[in-house]
Amino acid sequence: MRHPNLARLAGLLLGLPVLLAGCSLFEPTSPEVGDVGEALLPSYAAPESCLKYMLVGVVRKDDVGLTAYTGALADSSQDGVGFHAFFDQAVWNAYTGVKPDDWNLDYETQFYSALTTLRAEAYGMAWLPDEYNPYDIGDDLAADTCILHRQYKVWAISGPDSLLIAIGYADLRFARISASRWALTRWQDRVDPEIGANPTNDLWRTFGYRRLNAAGG
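Residues numbered from 1 in each chain as written. Predicted model: local features only at pLDDT ≥ 70, side-chain atom pairs only at ≥ 80, totals over all residues. Heavy atoms only, no water.

(A) Examining the overall build of the protein more closely. Scanning the protein for helices and strands turns up 7 helices and 5 strands. When each of the 217 residues of the protein is scored for burial, the buried share is 47%. Partitioning the intrachain contacts of the protein with sequence separation of at least 6 by distance along the chain shows that 63% fall at a separation of at least 24. Total accessible area on the protein stands at roughly 10,300 Å², and carbon and sulfur atoms take up 54% of it. (Helix = DSSP H or I, 4+ residues; strand = E, 2+ residues; numbered from the N terminus. Buried < 20%, exposed > 50% of the residue type's maximum accessible area, 1.4 Å probe, protein only. Contact = heavy atoms within 4.5 Å. Areas by Shrake-Rupley, 256 points an atom, 1.4 Å probe, with all protein chains shown as cover.)

(B) Up close: the environment of N93. Here N93 is to be found in helix α5 (residues 89–94). The class for N93 is exposed, based on a relative accessible area of 52%. Through-space distance from the C-alpha of N93 to that of A197 is 9.6 Å; in sequence the pair is 104 residues apart.

(C) Geometry of the pairing of strand β2 (residues 122–129). Within β2, 6 of the 8 residues are buried, which leaves the element mostly enclosed by the surrounding structure. Of the strand pairs in this sheet, β2 and strand β3 (residues 145–158) are connected by 8 bridges, and their pairing is antiparallel. From the neighbouring strand, Y123 faces β3, where its bridge partner is A156. (Pairing = 2+ DSSP bridges.)

(D) Region of interest: the sheet that holds β2. Spatial strand order, β1-β5-β4-β3-β2: 5 strands in an open sheet with mixed pairing. Two strands bound the open sheet, and with one partner strand each, they are β1 (84–86) and β2. Each adjacent strand pair in this sheet contributes to an overall mean axis angle of 30°, direction not counted. Sheet analysis places β3 next to strand β4 (residues 161–178), joined by 14 bridges and oriented antiparallel. Bridging from a neighbouring strand, C146 pairs with F174 of β4. Across the sheet, helix α7 (residues 207–215) lies against β1, β2, β3, β4 and β5 (181–190), angled at about 95° from β5, the strand it touches most. (Axes fitted to C-alpha atoms, helices over the stretch in contact; angles between N-to-C directions.)

(E) Just the packing of aromatic side chains, in detail. According to the stated counting rule, one finds 12 aromatic pairs in the structure shown. Their ring planes at 50° and their centres at 4.5 Å tell us that Y152 and F207 sit as a pair that is tilted. Linking Y152 in strand β3 with F207 in helix α7, this pair joins segments that are 55 residues apart in sequence. Just as Y152 is buried, F207 falls in that class too. Each residue in the set F111, W127, Y152, W187 and F207 is aromatic and connected to the rest through ring pairs, giving one cluster. One residue, R186, lies across the ring of F86, its end atom 4.1 Å from the ring centre. (Phe/Tyr/Trp six-rings, centres within 6.5 Å; stacked < 30°, edge-to-face > 60°. Lys NZ or Arg CZ within 6 Å of the ring centre and 35° of its normal.)

(F) Quick look at the packing of helix α2 (residues 47–60) against helix α3 (residues 63–71). Two numbers describe how α2 lies on α3: the axes approach to 7 Å, and their chain directions differ by 160°. In this view, α2 runs roughly antiparallel relative to α3, as classed from their interaxial angle. In this structure, α2 meets α3 at a crossing whose hand is left-handed. In this structure, α2 uses Y53, M54, G57, V58 and R60 to contact α3, whose residues at the interface are V64, G65, A68 and Y69. Considered class by class, the residues forming the contact of α2 with α3 number 6 nonpolar, 2 polar and 1 charged. (Parallel < 35°, antiparallel > 145°, perpendicular 65-115°, else oblique. Left-handed = near helix turned anticlockwise from the far one by under 90°. Nonpolar A, V, L, I, M, F, W, Y, C, P; charged D, E, K, R; others polar.)

The structure is reproduced here in structure tokens:
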């Protein structure tokens with residue numbers, strides 16, 4: 001009998017090249033991403049803009065990408081509120097290393113480096129609708145806070161093939177810092193229930209899992 005998780009992930013992997021081809025962010029000449037070393041002028045004027053430049057940061061895998069990624073996160077030293085990430089309970093319980101008391105911006109900077117050096121290939125990333133929690137809160141920007149529910153995927157690109165290296169769901173809370181800036185203040189990570197906290201393929205891990213392992217070594 002074919003394992004349902006394997007069948008589902010096979011479909012995801014087959015769909016990655018389509019996502020790659022259909023999103024201009026991943027075109028080599030795209031000014032939104034640019035080549036390593038090129039300048040980038042990110043905007044965080046809306047919660048979706050924050051997600052966009054976090055994605056750009058992961059795809060770039062360089063110092064400019066790090067700045068783009070972390071610029072979307074609330075910085076307590078400048079914004080009056082900080083970024084904090086929380087873990088899926090099953091991932092948290094399964095981790096046997098030293099667990100951080102508070103996953104903050106400093107830890108997330110460390111995680112960015114671990115994620116972008118996990119594989120040598122170029123990366124792709126996608127934010128997708130959350131099929132389990134499809135309704136956002138405050139996404140009309142009328143309020144000073146907003147919660148977006150998204151699925152995320154990251155893959156390494158090797159020629160015509162794509163290798164899924166991160167997958168999960170996130171409940172993302174944003175705060176309006178100023179008229180021209182929103183920032184991510186809280187990331188609640190969740191595993192894909194069809195994959196679980198201990199996937200059959202060790203690469204199919206959540207950001208939460210990779211965060212904990214980045215902090216542990």
